[in-house]
Amino acid sequence: MADDHSADEPLLLNLTDAESANPPRTAFASAFVKWVLGIAMWLVLGFWVALMFTFPSDAGTEFLESWTRATIGSVYGTTGSMFLVCSGPILVIVVLAIASLMVDGKKELQLKTTSKYPRIRLRTFPILVDGPFGVVSAAEFIGICLFVVFVLWALYAYTMQNLEVLSELSLSSEGKWILMMILTGLRFGTIGIYCLAFLFLPISRGSVLLSIRDVPFEQATRYHVWLGHLTMFFSTFHGLCFVIAWALEGQLLDEILEWADEGVAILPGVISLLAGLLMWVTTLPPVRQKKFELFFYTHQLYVVFVIFLALHVGDFIFCIAAGGIFLFVIDRFLRFCQSQRTVGIISATCLPCGSVELVFSKPANLQYTALSFIFIQIRELSGLQWHPFSVSSSPLAGRKHISVLIKVLGEWTSKLKSKVSHMSGPEGENELHSQSRSKITASVEGPYGHEIPYHLTYENLILVAGGSGISPFLAVLSDILHLTNQGKPCLPKNVLVIWAIRKSNERHLLSTLDTESICPNFRDKLDLEVRVYVTRESGPPLEEGNTDEDISTSVSTLSRGSGMSVLVGTGNRLWAGAYVISSIVGFAVSVALLDIFYINPLNIVSWWYKGLLLVGCMIGSVIIFGGPVIYLWHRWEKRAIAVEEAEDGEKDDESQQSAHFNTRQDDVVPKDRGVSRTTHYGARPNFEEIFMSASERWGNVDIGVVVCGPATLRSSVAKQCRSQNLRRGALHPVFHFNSHSFDL
């Protein structure tokens, strides 16, 4: 049974200062404009999806032929008409989404009355909990079903067309097989291009399409993985069918090496397919998990894959997938600009459990939520690798810093811990004036994550963490405690933390959150309970006092870079929107000028060359037209920071942050006097018992369940959420499953 409130409808309102001054009139106008823009976006999306479904049919083929014939004499020609039909709708949706987000204005938290009766929501109800897709919500399952229906329909329609062609020709048995292989290869390639049209949309980290639906990048990455497998499946069989046909004809080598001026160029297609296969093989879990560096570096072949695909199919066919690729180029260039800044590291701490905590400097106007991610590059460790980490600090804990907890798992993190330990000096002594032999130079991309802090939309929360998965929940708890202490609206009243760890020394991570100093006497307003499950120890250590291994080592001011850049797609909506729109307009202008002054006068007909020119226009328009907007954005950022520093004077929370870390270096066991905390040794969480107990305690309410940990943990929790929801009674709660785990 669906909720009256949409699963996508936030329980936090967005208000601007103007709305606060004149709520009725401004709020109504804002809501009406957003409603109109939302309807427009759904209509354009519906048109685009319907059009994609008609392409495999005879009617779709006839429509494209008549459409291209009607636009032959236009400025953009047949290429422009194909782009307008296949990729234009997605760009129109992007422009409408930018307008809708701008109507929202500056985000201010204000609680909204929730539904009186709890209801199941499509986005938080897990349908599938095991299998190749992992945990899949009802909303995701609907999307998967639609895509599967489209693929099956395309296969059926194209098969019928192939059989019709074969029936009209008088060929030998071998000739029919060869023609069938060629036709089937063409159809597989076409379906692969359709999948490619969606492939790059989820991995545009700052994409306005993700922001408008409040889909975090870490969740969208899964969609990219699914689409990637599907794209490479059809692309591989596309190439395989042609290889078989050419082998039967005895012209395999000649065909593979062919690079025709008119029509499809074969050799670029072979190069593109080989690059795609290398990327595909290294994404398989055994390779990706054990050889992450190999996966990361081979995935940079996407540049080769895309460019040689454009050379292979030409500009006309490439336009089918050009929209999503162009949006990725826009996002990628912005990320490149943000990542060029050296970010100052305020402090680094090696915790007794083996984790490393880094605190970065950031400008006060760079906003994020407690469940955000940032990507970090340490140039002394690798000049190319970027690793995602959950933010462990609350945006309310400090205006000018952001922190992450990094668990040592692989080669990169081991080197980081070694470097920080080396810099801390003997007995934790600060070696600020003798660090010439070792330094850390960091760059940061992000933050990315939910537009709305959804953990604040539930009165009752169950936070389930495995190992270092506690990191984002430290930010969540800090967020709730700060709101409570400041007297601001805060919905969560009951919070249960379930944390499964291997060894008891990992409990030290809890000491990074001092609940009493953040919000004294919070027990009057918040019921917070923490249950720790130590799975690989049968009992507490004989001596839990401080030892040499229990002391945290810390070093401050590791690098003197600037704060994080605000050049992020999820940042300032006005500047981000101006950058995207200027790039889109620039692309349209570039293609028109190229056609008028170069392609048409010189009568250029080579498919591969026109495909290369189209890719060049995509890249050039972002740099030439979007680049000046980024420059102005950067100048505005410097001016805004200067104004903030002038207003703040000498006051800076960096020193306060550094002092905060120094005061808790010797805390091994968290001093949470107001927290109900229990530790269970040699046991794993019994989620059925835990959920049944919460159901009896909290009654007929909505319970937000947030999980951060390995796939097995997410599957177990999702299975229990689904089970409890399916057999719930009238007076029992609804468990809303939310996953906060980043699987690259």
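Since we're looking at a predicted model, the values are computed, not measured.

## Some thoughts on the packing of aromatic side chains
Then, in step 1: With the rule as written, the count across this model stands at 32 aromatic pairs.
Then, in step 2: Summarising the aromatic geometry, the rings of Trp 153 and Tyr 156 are spaced 6.4 Å apart at their centres and angled 35 degrees between planes, so their arrangement reads as tilted. Here the residue Trp 153 and the residue Tyr 156 both occupy positions in helix 6 (residues 138-167), the gap between them amounting to three residues, near one helical turn.
Then, in step 3: Take Trp 153: its relative accessible area is 30%, and that puts it in the partly exposed class.
Then, in step 4: On the basis of an interplanar angle of 25 degrees and a centroid distance of 6.0 Å, the ring pair of Phe 389 and Trp 412 is categorised as stacked. You can see Phe 389 sitting in strand 6 (residues 387-390) and its partner Trp 412 sitting in helix 15 (residues 411-424), a full 23 residues away along the chain.

## Notes on unusual backbone geometry
Then, in step 1: The omega angle of the peptide bond from Gly 446 to Pro 447 is 5 degrees, so this bond is cis rather than trans.
Then, in step 2: Of note, Asp 214 is a non-glycine position whose phi angle comes to about 55 degrees, a positive value.
Then, in step 3: Secondary-structure assignment places Asp 214 in the loop between helix 8 (208-212) and helix 9 (217-249).
Then, in step 4: Look at Asn 603: it is not a glycine, yet its phi comes out positive at around 55 degrees.
Then, in step 5: Mapped onto the elements, Asn 603 comes out in the loop between helix 18 (573-602) and helix 19 (607-648).

## Points about the UniProt feature "transmembrane region" (unreviewed entry) in the chain
Then, in step 1: Following the UniProt record, one finds the feature "transmembrane region" (unreviewed entry) at residues 35-55, 75-103, 124-157, 177-203, 224-248, 263-282, 574-599 and 611-633.
Then, in step 2: The span residues 75-103 is 90% helical and 0% strand by assignment, and the distance between its end C-alpha atoms comes to 34 Å.
Then, in step 3: Span residues 611-633 is 100% helix and 0% strand, its end C-alpha atoms 32 Å apart.

## Some points on the packing of helix 7 (residues 173-199) against helix 14 (residues 302-339)
Then, in step 1: Where helix 7 meets helix 14, the axes come as close as 9 Å, and the angle between the chain directions of the two elements is 60 degrees. In terms of orientation, helix 7 and helix 14 fall into the oblique class. Classified by chirality, the crossing of helix 14 by helix 7 is right-handed. Of the residues in helix 14, those touching helix 7 at Ile 193, Tyr 194, Leu 196 and Ala 197 are Phe 305, Leu 309, Ile 317, Ile 320, Ala 321, Gly 324 and Ile 325.
Then, in step 2: Taken together, the residues of the contact of helix 7 with helix 14 sort by class into ten nonpolar, one polar and no charged.

## Observations regarding the sheet that holds strand 13 (residues 676-681)
Then, in step 1: As summarised here, the arrangement of the six strands in space is 13-11-10-9-14-15, forming an open sheet in which the pairing is parallel. Each edge of the sheet is formed by a strand with only one pairing partner; in this case those strands are strand 13 and strand 15 (734-739). Geometrically, the sheet is characterised by an average inter-axis angle of 15 degrees between neighbouring strands, direction not taken into account.
Then, in step 2: As paired strands, strand 11 (residues 527-534) and strand 13 are joined by six bridges and run parallel to one another. Within the sheet, the bridge partner assigned to Tyr 533 lies in strand 13 and is His 680.
Then, in step 3: Against the sheet, helix 16 (residues 470-486) touches strand 9 (460-466), strand 10 (494-501), strand 11 and strand 14 (702-708), its axis set at about 150 degrees to strand 9.

Rules of the game
- Residues numbered from 1 in each chain as written.
- Predicted model: local features only at pLDDT ≥ 70, side-chain atom pairs only at ≥ 80, totals over all residues.
- Heavy atoms only, no water.
- Phe/Tyr/Trp six-rings, centres within 6.5 Å; stacked < 30°, edge-to-face > 60°.
- Helix = DSSP H or I, 4+ residues; strand = E, 2+ residues; numbered from the N terminus.
- Buried < 20%, exposed > 50% of the residue type's maximum accessible area, 1.4 Å probe, protein only.
- UniProt positions renumbered as here; feature names shortened; annotations may be inferred.
- Axes fitted to C-alpha atoms, helices over the stretch in contact; angles between N-to-C directions.
- Parallel < 35°, antiparallel > 145°, perpendicular 65-115°, else oblique.
- Left-handed = near helix turned anticlockwise from the far one by under 90°.
- Contact = heavy atoms within 4.5 Å.
- Nonpolar A, V, L, I, M, F, W, Y, C, P; charged D, E, K, R; others polar.
- Pairing = 2+ DSSP bridges.

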